[in-house]
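# A look at the structure
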Amino acid sequence: MRTTRLPAPARRRAALGSSVAAALLLGGCGAEVEPDAKASAEVTVKRCGEPVRYTVPQRAVAYEGGSADKLFALGLTDHVYGYVMPPANPPVSESPWASEYAKVKMLSDDLLNKEVVVEAKSDFVVAGWNSGFKDERGITPAILDKLGIQSFMHTESCFNYPGHPEKVTPFEALYTDLERLGRIFRVEKKATAVVDGLKQRVQAVENKAPAGERAPVFLYDSGTDQPFTAGNQVPPNDIIKSAGGRNVFDGLDERWTQVNWESVAEAEPEVVVILDYGDQPAEKKIEFLKKSPHTKGLPAVKKNNFFVLDYNEGISGPRNVDGLEKFGAYLRGLDG
């Protein structure tokens, strides 16, 4: 996934499976949540490493599925004004929270920008650093602060946030976001319940992970001359690890990053995880890997060991755990 933009996701398969049903249960199927007992007008919560004072938002704008999913999982639909989805994002009709998306406005099918936020009269924007928020596009937390618009960034993206970086493992970042959003919206009890449910599901997969040496796994995002892949700062690293595999680029203290084909070949991955998104569908990526002289001899390619990870399972959000459950089952089902 390019560090200059998050990839655009593909059309999703409609079957949601039992893991999504569990996500619906944890999210209360979008049921609205009563705020916890009386809270002060403001609460201090960290935005990356920066303590920020928040009032309860009433017109939140979410950028991409991960942001909206977090709000909907906490039962905050009444506080969400709308969402921004780049054109190749998965259809919201395939989301576990499709009914909640239907209750709010689709504000734009382009990248997040200041104009759409201001026009929406938003009082709160949720996005990642260097994806939704970006200096080059003129929309950052600092810029919104000056406009009196509150903002919140995915903790997973805070690794290289200027001035206030924060570094935690990707799953821990997901839990942190839900807990912090719970405080901002004064629904701490709901947040605790959702986080506890996600942790239990993660633990269940870890308990069933294959014994013995961990299978080396290569996450293929994109790129032909040089591949983009996942370092240890993004959710697929934790998905692979908790399922019982080993990200061959776990040693890279990066988010989405570029490597070279020689290092992929040297790692001899037994499994390739394909990140599936719109302008570069998984089928095309698999076809390339099977034909490229750099990769056609890889153990994973020769054995046809490809696992397709949905975009919204690969970016920070509750659906990370859906992806984990599916990948865990895949690893357990591989022939020795």
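Above this text sits the structure in question.
Reading the values: the criteria
- Residues numbered from 1 in each chain as written.
- Predicted model: local features only at pLDDT ≥ 70, side-chain atom pairs only at ≥ 80, totals over all residues.
- Heavy atoms only, no water.
- Phe/Tyr/Trp six-rings, centres within 6.5 Å; stacked < 30°, edge-to-face > 60°.
- Helix = DSSP H or I, 4+ residues; strand = E, 2+ residues; numbered from the N terminus.
- Buried < 20%, exposed > 50% of the residue type's maximum accessible area, 1.4 Å probe, protein only.
- Salt bridge = Lys/Arg side-chain N within 4 Å of Asp/Glu carboxyl O.
- Contact = heavy atoms within 4.5 Å.
- Disulfide = S-S within 2.5 Å.
- Pairing = 2+ DSSP bridges.
- Axes fitted to C-alpha atoms, helices over the stretch in contact; angles between N-to-C directions.

So, on to the packing of aromatic side chains. One pass over the full model with this rule turns up 14 aromatic pairs. An angle of 90 degrees between the planes, with centres 5.1 Å apart, marks the rings of Tyr83 and Tyr101 as edge-to-face. Taken together, the residues span a long stretch of sequence, with Tyr83 in strand S4 (residues 80-84) and Tyr101 in helix H3 (residues 98-101) at a distance of 18 residues. When its relative accessible area of 7% is taken as the criterion, Tyr83 is described as buried. For Tyr101, a relative accessible area of 3% puts it in the buried group.

This part covers the pattern of salt bridges. Applying the stated criterion across every chain, the model contains 15 salt bridges. Between Glu270 and Lys303 there is a salt bridge whose closest N-O contact spans 2.9 Å. Placement of Glu270 in the loop between helix H9 (261-267) and strand S12 (271-276) and of Lys303 in the loop between helix H11 (299-302) and strand S13 (306-310) is noted, with a sequence separation of 33 residues between them. Take Glu270: its relative accessible area is 25%, and that puts it in the partly exposed class. In this structure, Glu313 and Lys326 form a salt bridge, with 2.6 Å as the shortest nitrogen-oxygen distance. Note that Glu313 is positioned in helix H12 (residues 311-314) and Lys326 in helix H13 (residues 319-333), a separation of 13 residues in sequence. Classification of Glu313 by relative accessible area gives buried; the value is 5%.

On the secondary structure map, Val168 appears in the loop between strand S7 (150-153) and helix H6 (170-184). For Val168, a relative accessible area of 27% translates into the label partly exposed. Not counting residues within four places of it along the chain, the set of residues in contact with Val168 comprises Thr155, Ala173 and Gln233.

Time to look at the state of the cysteines. Considering all chains together, one arrives at one disulfide under this definition. The disulfide bridge from Cys48 ends at Cys158, spanning 1.9 Å between sulfur atoms. Around the S-S axis, the bridge from Cys48 to Cys158 shows a dihedral of about -75 degrees and counts as left-handed. One end of the pair, Cys48, is in the loop between strand S1 (43-47) and strand S2 (50-54); the other, Cys158, is in the loop between S7 and H6, with 110 residues separating them in the sequence. The pair formed by Cys48 and Cys158 is uniform in burial state, with each residue classed as buried.

Reading across from one edge, S10-S8-S12-S13 is the order of the four strands in this open sheet, with parallel pairing throughout. Among the strands making up the open sheet, the edge pair consists of strand S10 (245-247) and S13. Each strand axis lies, on average, 35 degrees off the axis of its neighbour in the sheet, ignoring direction. Where strand S8 (residues 215-220) meets S10, three bridges bridge the pair, whose relative direction is parallel. Residue pairing for S10: Pro216 is matched across the bridge by Arg246. Relative to the sheet, helix H8 (residues 235-243) contacts S8, S10 and S13, its axis offset from that of S10 by approximately 155 degrees. Across the sheet, helix H10 (residues 282-291) touches S8, S12 and S13, and the angle it forms with S12 is around 145 degrees.

This is a description of form; function is not addressed.
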